[in-house]
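Residue-level listing of the chains:
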Amino acid sequence: MVSEATRAPSRAIGGGERGITSGRPAPLRAQPTLAHTTHASRAMGGRLAIHLAVPAAAERSGEGDARGVARRVNAWSALLTRHDPASRLMALNDDPRRSVPVRPTLAAALGWAKEAARMTGGLVDVTLLPERLAAETGPGAAADAAALDRAWRVRPIGRRWSAVDRAPGTRFDLDGVAKGWLADRALHLLAGHPGAAVDADGDVAVRVAPGDRWEIGVADPRAAGDLLAVIALGDAAGSSSIAGRTWGVATSGTSVHRFGPEAHHLIDPRTRRPAVTDVVQATVIAWSAAAAEAYAKSAVVLGAVAGLDFLDRAGVAGAILLLADGRVLALPRTTAFLA
Amino acid sequence: MRLAFAAGGAATVSALVALIASSATPAGAATPSATAVAAASGGAADVTPVRHVTRYVVLPPGQLPPTGVTTTPPSTLAVPVATPAPRPRPAVVTSQSGRP
């Protein structure tokens with residue numbers, strides 16, 4: 001694991017003193033002078049950055065907590081990846097039984113995937129691994145899956161174990177779904193810190209300390225280092241509607257994982273082919289990174305007009321879309337968050 | 001392909017393509033001729049110009065709008081975002097996965 005720690009000053013604000021104890025929620029009141037620290041490493045085949053807002057006196061403690069959470073995220077992601085034949089996800093995919101016992105982490109991740117499917121009307125579908133592989137390598141990868149019954153469920157079978165019921169041959173892919181879910185889970189582990197942001201390869205879970213502010217850049221996929229926008233969560237006045245709440249900011253799109261002129265990794269479950277869409281990239285602000293990721297992916301699959309309509313009705317806090325013709329559009333309510 | 005006409009509200013459809021047709025008639029849409037209208041209404045004195053205005057065409061999944069047609073969300077759903085002013089790059093950046 002490559003690791004680095006950096007420190008940046010945050011806004012100096014007045015207020016009561018309090019120490020930090022990991023795992024205990026920090027009370028919602030103004031914090032002493034906070035510093036933003038960053039612990040960067042790699043996980044899930046991409047970057048993992050844990051940013052903390054900590055009182056200056058607690059920076060060393062914060063760095064230790066960040067390292068611990070990074071280790072946990074790496075351990076969880078090792079269970080959920082399709083890129084390791086020894087992962088628990090791949091053991092499930094390769095299991096010939098119709099009903100397969102699974103342990104809590106995989107069960108919880110699949111449980112979220114089921115909820116994401118419900119929230120998005122089926123646009124998030126984690127059973128499309130054959131179709132994604134077909135987009136990468138050719139249609140032969142999905143030939144056996146065309147007639148597959150994709151119905152599946154997770155049900156508890158004991159205090160810690162669950163069972164996944166599905167037709168043998170169903171293969172799950174949790175790549176995008178898991179990253180937002182892991183970001184939220186990591187943020188929960190940092191509940192003892194006044195504020196934190198966990199960036200799980202682009203899907204960001206945030207909790208803002210009272211009086212603090214996080215700025216989140218939205219990467220422009222057309223030019224490395226450029227930004228489409230900057231989202232600001234929180235302000236110096238400590239907005240009660242933002243501080244203390246958890247937020248998610250996540251981005252999905254078709255321009256990074258491309259395998260040919262029309263082949264990319266976002267599969268439209270209605271056609272089971274790479275989505276044909278006028279949206280290159282969608283960023284969503286929601287109440288969790290997992291929800292933001294699910295809605296961002298859905299907006300890309302739906303296209304600009306239907307996608308914005310869908311996001312509006314879903315009640316997300318904001319959304320920014322980059323269209324194929326170069327326009328950058330946002331849900332009108334997003335402007336409250338633009339720096 | 002279905003046609004949906006939205007009158008002041010957002011249509012809840014899978015994909016809406018605004019074909020603002022001030023004078024153009026989209027391919028495939030039938031436009032009755034003035035003669036036909038006159039015949040149907042009983043006389044040349046009653047001829048009324050007829051113009052079809054197609055506001056939205058609903059496309060099924062997997063289809064893009066025809067070449068030259070601009071996809072335009074209504075202003076109630078979308079506002080343009082200006083390029084952010086030069087500023088220090090935030091430490092936290094959201095992006096598509098796999099991007100360094």
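All values reported here derive from a predicted model rather than from experimental measurement.

A. Representation of the overall build of chain B in the model. What chain B contains, in helices and strands, is one helix and five strands. Starting at the N terminus and ending at the C terminus, chain B contains elements arranged as β-β-α-β-β-β. Out of the 100 residues belonging to chain B, those deemed buried represent 31%. For chain B, long-range pairs separated by at least 24 residues make up 78% of all intrachain contacts whose partners lie at least 6 apart in sequence. With an accessible surface of roughly 6200 Å², chain B has 60% of that area assigned to carbon and sulfur atoms.

B. View of the environment of Met 44 of chain A. Residues and elements named next belong to chain A. For Met 44, the location among the structural elements is in the loop between β2 (34–43) and β3 (46–55). Between the alpha carbons of Met 44 and Ser 77 there is a distance of 5.8 Å; along the sequence they are 33 residues apart. The contacts of Met 44, once residues within four sequence positions are left out, are Val 73, Ser 77, Lys 179, Leu 182, Ala 200 and Asp 201.

C. How the structure looks around the pairing of strand β5 (residues 152–156) of chain A. Residues and elements named next belong to chain A. The pairing of β5 with strand β6 (residues 162–166) spans five bridges and is antiparallel. Each residue of the ladder has a partner; that of Arg 153, found in β6, is Asp 165. Counted along the chain from β5 to the antiparallel partner β6, the turn is five residues long.

D. A look at the sheet that holds β6 of chain A. All names here are of chain A. Spatially, the three strands line up as an open sheet ordered β4-β6-β5, and their pairing is antiparallel. Whereas interior strands pair on both sides, the edge strands pair on one side only; in this sheet they are β4 (99–102) and β5. For this sheet the average axis-to-axis angle between neighbouring strands, irrespective of direction, equals 25°. In this structure, β4 lies alongside β6, joined through four bridges in antiparallel fashion. Among the inter-strand pairings, Pro 101 is bridged to a residue of β6, identified as Ala 163. Here helix α3 (residues 104–119) sits on the sheet and contacts β4, β5 and β6; the angle it forms with β5, its principal contact strand, is near 130°.

E. Structural detail: the pairing of β3 of chain A. Residues and elements named next belong to chain A. With 10 of 10 residues buried, β3 lies mostly within the body of the structure. Two strands pair when backbone bridges link them, and β2 and β3 are joined in this way by 10 bridges, in the antiparallel orientation. The residue of β3 that forms the bridge with Thr 38 is His 51. What sits between the antiparallel neighbours β2 and β3 is a turn of two residues, in which Met 44 has the positive phi angle 55°.

F. Seen up close, the layout of surface pockets. Residue and element names in this part refer to chain A. By volume, the largest pocket amounts to about 650 Å³. In terms of lining residues, the largest pocket is bounded by 38 residues, among which Arg 132, Asp 173, Asp 175, Gly 176 and His 265 are the most central. Contributions of two or more residues to the lining of the largest pocket are made by α1 (59–80), α4 (129–137), α5 (175–189), β11 (246–253) and α6 (289–302). Top contributing element to the lining of the largest pocket by residue count: α5, with six residues. Counted by class, the lining of the largest pocket contains 14 nonpolar, 15 polar and nine charged residues. The space that makes up the second largest pocket amounts to roughly 480 Å³.

G. Examining the sheet that holds strand β5 (residues 92–94) of chain B more closely. Here three strands make up an open sheet; going across it, the order is β10(A)-β9(A)-β5(B) and the pairing mixed. Where the open sheet ends on each side, the last strands, each with one partner, are β10 (227–234) of chain A together with β5 of chain B. Taking each pair of neighbouring strands and ignoring which way they run, the sheet shows an average axis angle of 30°. With three bridges joining them, strand β9 (residues 213–219) of chain A and β5 of chain B adopt parallel strand pairing. Note on β5 of chain B: the bridge partner recorded for Ile 216 of chain A is Val 92 of chain B.

The rules behind the values
- Residues numbered from 1 in each chain as written.
- Chains lettered and ligands numbered in written order.
- Predicted model: local features only at pLDDT ≥ 70, side-chain atom pairs only at ≥ 80, totals over all residues.
- Heavy atoms only, no water.
- Helix = DSSP H or I, 4+ residues; strand = E, 2+ residues; numbered from the N terminus.
- Buried < 20%, exposed > 50% of the residue type's maximum accessible area, 1.4 Å probe, protein only.
- Contact = heavy atoms within 4.5 Å.
- Areas by Shrake-Rupley, 256 points an atom, 1.4 Å probe, with all protein chains shown as cover.
- Pairing = 2+ DSSP bridges.
- Axes fitted to C-alpha atoms, helices over the stretch in contact; angles between N-to-C directions.
- 1 Å grid on protein atoms, 1.4 Å probe; cavity = no way out; pocket = protein on both sides within 12 Å on 5 of 7 lines; lining within 4 Å.
- Points joined across faces, edges and corners; volume = space filled by probe spheres on them.
- Nonpolar A, V, L, I, M, F, W, Y, C, P; charged D, E, K, R; others polar.

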